[in-house]
Amino acid sequence: MDSKKILIVTMLLVLVFNIAGPIQVSHAAALDSVIGTLAASTVSSTNSGASGGSDVFSKLFSLLFDKILGPILNIFGGGKAATILPENPVKVTPLPPGDGTTGVVDSGVLRGKVVVVDPGHGGSNPGAVANSTRETDNNLAVSLKLRDKLTKAGARVIMTRDSDRTVAPEGSSLGQELAARVNIAEANNADIFVSVHSNSNPDPSIYGTMTFYPSGKSSKLALEVQNSIIRETGAVDKGTSSATFYVLRNTSMPSILVEMGFVTNASEASRLQEDNYRNKIAQGIFNGVVKYFNN
Ligand SMILES: [Zn+2]
């Protein structure tokens, strides 16, 4: 075979395995998010570029140029592509101070990113209360750990609250309280908005972790964070879903709402109160955010 034939055959193989493969083997939720991502670019022009359908094309191009043309040009002595000069060594970004958990390859992508972390509820509104734990306490504890991890990795983190209080002045309406959280994200031009909650259900046997995103955008951020939390915690994976929560609907940047677990389930409630388990959730969210910005 000459080099042209090798090029064409390689391109076809890579296209089949990298593009058709993952979609075919995806479960329903992942397929839904792929469709959502594709639809997003045609539905909304105000959509953030980070989750738009143009991703597919830029990935396709970088695949063709980085993975196929580059190596082949090198193999056949074609030329300039992918030549590393000795005076231009590849930069290696150091890992953030680790805490023994896995899954992060490179957090350099967080440098300078503005991340708004929103611990749900607080003050006069404790959120779900069951099994002697309050949602607001779990939300805040995990959010503070998440703040520290993101900050160490170079992100600019803005908390909507960092103590047990409401964000709007006490006595404000629920609408004003939620608007205050959104306003913080908008006023600071956040790159992403991450709201942290604990779930509840009248049926105490229900447990598991789920992540919500606003319809038509942010599904990629939600999926990366959800998968990374499950990898860290081993919790039951209740998947990702679009939702119309106020803070998701009204933030212009990619936004997600993590429901870490159910305080109404006795065993999950007790795990949510463990420092070690809270750290795993925070690490999972952190890893997912890194992966999101890495793509
Ligand atoms: Zn909540």
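Overview of the structure.

Definitions and limits used
- Residues numbered from 1 in each chain as written.
- Predicted model: local features only at pLDDT ≥ 70, side-chain atom pairs only at ≥ 80, totals over all residues.
- Heavy atoms only, no water.
- Helix = DSSP H or I, 4+ residues; strand = E, 2+ residues; numbered from the N terminus.
- Contact = heavy atoms within 4.5 Å.
- Areas by Shrake-Rupley, 256 points an atom, 1.4 Å probe, with all protein chains shown as cover.
- Phe/Tyr/Trp six-rings, centres within 6.5 Å; stacked < 30°, edge-to-face > 60°.
- Buried < 20%, exposed > 50% of the residue type's maximum accessible area, 1.4 Å probe, protein only.
- Core = buried A, V, L, I, M, F, W, Y, C linked by side-chain atoms within 4.5 Å.
- Donors = N, O, S within 2.8 Å, 3.2 Å for Na, K, Ca; no water.
- Polar contact = N/O pair within 3.5 Å; in protein donor to acceptor, adjacent residues only side chain to side chain.
- Salt bridge = Lys/Arg side-chain N within 4 Å of Asp/Glu carboxyl O.
- Pairing = 2+ DSSP bridges.
- Axes fitted to C-alpha atoms, helices over the stretch in contact; angles between N-to-C directions.
- Right-handed = clockwise from strand over helix to strand, strands pointing away.

1. Some remarks on the overall build of the chain
Here comes step 1: The number of helices and strands found in the chain is 9 helices and 8 strands.
Here comes step 2: In the chain, the proportion of contacts linking residues at least 24 apart, taken out of those at least 6 apart, comes to 77%.
Here comes step 3: Counting every atom, the chain has about 14,900 Å² of accessible surface; 59% of that belongs to carbon and sulfur.

2. Quick look at the packing of aromatic side chains
Here comes step 1: Under the criterion given, the structure shown has 2 aromatic pairs.
Here comes step 2: A ring pair is formed by Phe 212 and Phe 245, whose centres lie 5.2 Å apart and whose planes are at 90°; its orientation type is edge-to-face. With Phe 212 in strand 6 (residues 209-214) and Phe 245 in the loop between strand 7 (237-243) and helix 7 (246-249), this residue pair connects regions lying 33 residues apart in the sequence.
Here comes step 3: By relative accessible area, which is 12% here, Phe 212 ends up buried.
Here comes step 4: Owing to a relative accessible area of 34%, Phe 245 belongs among the partly exposed residues under this scheme.
Here comes step 5: Seen in terms of ring centroids, Tyr 292 and Phe 293 are 5.1 Å apart; in terms of plane orientation they differ by 70°. Their pairing is edge-to-face.
Here comes step 6: Given a relative accessible area of 2%, Tyr 292 falls into the buried group.
Here comes step 7: Phe 293 sits in the buried class, given a relative accessible area of 16%.

3. A short note on the nonpolar core
Taken as a class, soluble globular proteins show a tendency for nonpolar side chains to be buried jointly.
Here comes step 1: If you look at the biggest cluster of nonpolar residues, it comprises 36 residues, and the most contacted ones within it are Leu 110, Leu 150 and Ile 285.
Here comes step 2: At the level of elements, strand 1 (114-119), helix 4 (135-152), strand 4 (156-159), strand 5 (192-199), helix 6 (219-233), strand 8 (255-262) and helix 9 (275-294) are the ones that each hand at least two residues to this core.
Here comes step 3: Ranked by residues supplied to this core, first place goes to helix 9 with 9 residues.
Here comes step 4: Listed in part, the 19 residues of the second largest apolar core include Val 167, Ala 190, Ala 243 and Phe 262.

4. As for the coordination of the zinc ion
Here comes step 1: Here the zinc ion is held by His 121 (NE2), Glu 135 (OE) and His 197 (ND1), and the distances to it run 2.1 to 2.2 Å.
Here comes step 2: On the primary sequence, the residues serving as donors to the zinc ion are separated as H-x13-E-x61-H. Pair noted here: His 121 is in the loop between strand 1 and strand 2 (129-130) and His 197 is in strand 5, with a separation of 76 residues, a long-range link.

5. Considerations on the side chain of Gln 226
Here comes step 1: By the element assignment, Gln 226 lies in helix 6.
Here comes step 2: Classification of Gln 226 as buried rests on a relative accessible area of 1%.
Here comes step 3: Only 2.6 Å separates the side chain of Gln 226 from the side chain of Asp 237, close enough to count as a polar contact.
Here comes step 4: In this view, Gln 226 contacts Thr 209, Met 210, Thr 211, Asp 237, Lys 238, Gly 239 and Thr 240; residues no more than four positions away in its chain are not counted.

6. Quick look at the pattern of salt bridges
Here comes step 1: Enumeration according to the criterion identifies 6 salt bridges in this entry.
Here comes step 2: For Arg 134, the salt bridge identified is with Asp 164, shortest N-O distance 3.0 Å. Remark: Asp 164 occurs in the loop between strand 4 and helix 5 (174-187) and Arg 134 occurs in strand 3 (residues 133-134); sequence separation between them is 30 residues.
Here comes step 3: A salt bridge links Asp 275 to Lys 145; the shortest N-O distance between them is 2.7 Å. Of the two residues, Asp 275 is situated in helix 9 and Lys 145 in helix 4; the sequence distance between them amounts to 130 residues.
Here comes step 4: Linked by salt bridges that have partners in common, Asp 118, Glu 177 and Arg 181 make up one network.

7. Section: the sheet that holds strand 5
Here comes step 1: Pairing is mixed in the open sheet, where 6 strands are placed in the order 4-1-5-8-6-7. In this open sheet, the two strands that pair with only one neighbour each are strand 4 and strand 7. On average, adjacent strands in this sheet sit at an angle of 20° to one another, irrespective of strand direction.
Here comes step 2: Pairing between strand 6 and strand 8: 3 bridges, direction antiparallel. If you follow Phe 212 over to strand 8, its bridge partner there is Leu 257.
Here comes step 3: Contacting strand 1, strand 4, strand 5 and strand 8, helix 4 runs over the sheet at an angle of about 145° to strand 5.
Here comes step 4: Helix 9 contacts strand 5 and strand 8 of the sheet and is inclined by roughly 150° relative to strand 5.

8. With respect to the pairing of strand 6
Here comes step 1: Of all 6 residues in strand 6, 6 are buried, a share of seventy percent or more.
Here comes step 2: Here 5 bridges tie strand 6 to strand 7, and the two strands are oriented parallel to one another. What sits directly across from Thr 211, in strand 7, is Thr 240.
Here comes step 3: The β-α-β motif built from strand 6, the intervening helix 6 and the parallel element strand 7 has right-handed crossover chirality.

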